[in-house]
Amino acid sequence: TDNAASPTGLTLLGLGAMGTALASAWLDSGHDLTVWNRTPTRAEPLAARGATAAASVASAVAANDLVVLCLLDDASVRSTLDGVDLTGKDLVNLTTGTPGGARALAEWAAARGARFVDGGIMAVPQMIGVPGSGAYVFYSGSAAAFEAHRDVLAVPAGTTYVGEDPGFAALHDVALLSAMTGMFAGVTHAFALTRKENIAPHELAELLSGWLTAMSGYARGIAEHLASGDYTTGVTSNLAMMAEGNATLLATAEEQGVSPELLLPFMRLMRQLVDDGRGDEDTTGVVDLLLGSRV
Ligand code: FVH
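Every chain is numbered independently, its residues counted from 1 as its sequence is written. Given that this is a predicted model, residues contribute local features only at a pLDDT of at least 70 and side-chain atom pairs are listed and counted only at 80 or more, while totals for whole chains, interfaces and linings are drawn from all residues.

**Q** Can you explain the site of the ligand? Please cite residues and give values.
**A** Inspection of the region around the ligand gives 21 residues, with Gly 16, Met 18, Arg 38, Thr 39 and Thr 96 positioned closest. Secondary structure elements with two or more residues in the shell around the ligand: helix H1 (17-28) and helix H4 (74-81). In this entry, near means the residue's backbone-placed C-beta atom lies within 6 Å of the molecule or strand. Note on conventions: DSSP H or I runs of at least 4 residues are helices, E runs of at least 2 residues are strands, and numbering of each starts at the N terminus.

Right, here's the structure in full:
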């Protein structure tokens, strides 16, 4: 976080859990903050701390050039701004959505005379405005608008600008969230395997945490292979070995009475590569299988 940014006015639309955390960080750093929320009572605690609670979306937007949105979804962004004069405004949309949705919103904003920056928040509300929490936001879209407001945007969380394509922030956000979903699936399966045994959940949690951290470098190996097109260099644990190991994982799941449903889809793709004679590679080839071909 960067609490040294010079206080600058901004408007925030949306005071749910995340919007309130963002508002709090900007107020703590002395920014002149105007807020609006569909349910007005949510603005009251912030108004008590110095925020201006606007009576309407139009007056909230009129108050500042920088308008940050943190609403439920793209539809609520459009309906909230519908009919509001956006000429000359810089919209920063921190509402989670798809890359396509962000690109469509950027066009929609441009047609109304506004610059558009999309953001994907890599944090939960408790991490916002907390130095050292690791919170950051992917931004993409208008580089000029991002540069103009970089210091203000850096107050609640770190900023990582990923390009002019307005869909890129959402794409990076969803890529990381998708990887996290796979990790959650693996962790869930591990707890299921040990649940009925005399193994303390806290003990397993510590082991999982260390192991997943140690294994996280695997992503860099895949990146190397995708960049070079050679999927065999540097492979220490190849697919042929892993596919055999999968049989042990599945047999253990059966012994422990645990459904293998979280593991099977990935294992089937690994097996397909081995059957195609690619047992000396690692799992990079699964990327191509998911896409239907090599890029
Ligand atoms: N909370 C989290 O952990 C995640 C972290 C990563 C980013 N997400 C995204 O941030 C967006 C907002 O999330 P939130 O946690 O603030 O969500 P809620 O607490 O549910 O608040 C939703 C706000 O949206 C307003 N709202 C909903 N529908 C409408 C609508 N049709 N028109 C206008 N406003 C609407 C709602 O207003 P109200 O219910 O208080 O009247 C809240 O202000 C979200 O995209 C996450 O995916 C958070």
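More follows now that the structure is in view.
**Q** Could you give an account of the environment of Glu 281, naming the residues involved and the relevant values?
**A** Along the chain, Glu 281 turns up in the loop between helix H11 (264-275) and helix H12 (284-291). The burial criterion counts other C-beta atoms lying within 10 Å of a residue's C-beta, which is placed from the backbone; the residue is buried at 20 or more, exposed at 12 or fewer, and partly exposed between these limits. The exposure class assigned to Glu 281 is buried, which follows from the 21 C-beta atoms found within 10 Å. Ignoring anything within four residues of it in the chain, the contact list for Glu 281 reads Tyr 231, Thr 232, Val 235, Asn 238, Leu 239 and Leu 273. The contact criterion used is a C-beta to C-beta distance within 7 Å, with each C-beta placed from the backbone.

**Q** I'd like a rundown of the nonpolar core, residues and numbers included.
**A** Definition of nonpolar core: a set of buried Ala, Val, Leu, Ile, Met, Phe, Trp, Tyr and Cys residues joined via C-beta atoms within 7 Å. Judged by nonpolar contacts, the single largest core of 54 residues is most densely connected at Leu 12, Leu 22, Ala 23, Val 35, Val 68 and Leu 69. In this structure, Val 35 is in contact with Leu 12, Leu 15, Ala 23, Ala 43, Leu 46, Ala 51, Ala 53 and Ala 54, ignoring residues within four places of it in sequence.

**Q** Now, about the domain arrangement of the protein chain: what can you tell me, with residues and values included?
**A** Where the parts come together, the accessible area they lose is often given as the size of the interface. We note that the domain assignment places domain 1 (10-163) and domain 2 (172-291) within the protein chain. Relative placement of domain 1 and domain 2: their C-alpha centres are 37 Å apart. The start and end points of each domain follow an automatic or database-based domain assignment.

**Q** Describe the packing of helix H10 (residues 239-255) against H11, with residues and values.
**A** The packing of two helices is summarised by the inter-axis angle and the distance between the axes. Packing of H10 against H11 leaves a shortest axis separation of 9 Å and a crossing angle of 135°. One element, H10, and the other, H11, form an angle in the oblique class. At the point where H10 passes H11, the crossing takes the left-handed sense. Touching Leu 239, Ala 240, Met 242, Ala 243 and Asn 246 of H10 are Met 267, Met 270, Arg 271, Leu 273 and Val 274, all from H11. In this analysis, axes come from line fits to C-alpha atoms, helices being fitted only over the stretch in contact, and the angle between any two N-to-C directions falls in the range 0 to 180 degrees. Roughly parallel means an angle under 35 degrees; roughly antiparallel means over 145; roughly perpendicular covers 65 to 115; every other angle is labelled oblique. In a left-handed crossing the near helix is turned counterclockwise from the far helix by less than a right angle, and in a right-handed crossing that turn is clockwise.

**Q** Tell me about the UniProt feature "domain: 6-phosphogluconate dehydrogenase NADP-binding" (unreviewed entry) in the protein chain, residues and numbers included.
**A** The UniProt entry lists residues 11-159 under the feature "domain: 6-phosphogluconate dehydrogenase NADP-binding" (unreviewed entry), expressed in the numbering used here. The span residues 11-159 carries 37% helix and 22% strand; its end-to-end C-alpha distance comes to 19 Å. UniProt positions are given in the numbering used here, feature names are shortened, and annotations may be inferred rather than shown by experiment.

**Q** Can you lay out the pairing of strand E7 (residues 136-141) for me, pointing to particular residues and giving the numbers?
**A** Burial analysis of E7 places five of its six residues in the buried class, the great majority of the element. Two strands make a pair as long as DSSP finds a minimum of two bridges between them. Across six bridges, strand E6 (residues 115-122) lies against E7 in antiparallel orientation. Opposite Met 122, over in E7, you have Tyr 136 as the bridge partner. Crossover handedness is defined here as right-handed if the route from the first strand over the helix to the second strand goes clockwise, with the strands pointing away from the viewer. Traced from E7 through helix H6 (residues 143-153) to strand E8 (residues 158-161), the parallel crossover comes out right-handed.

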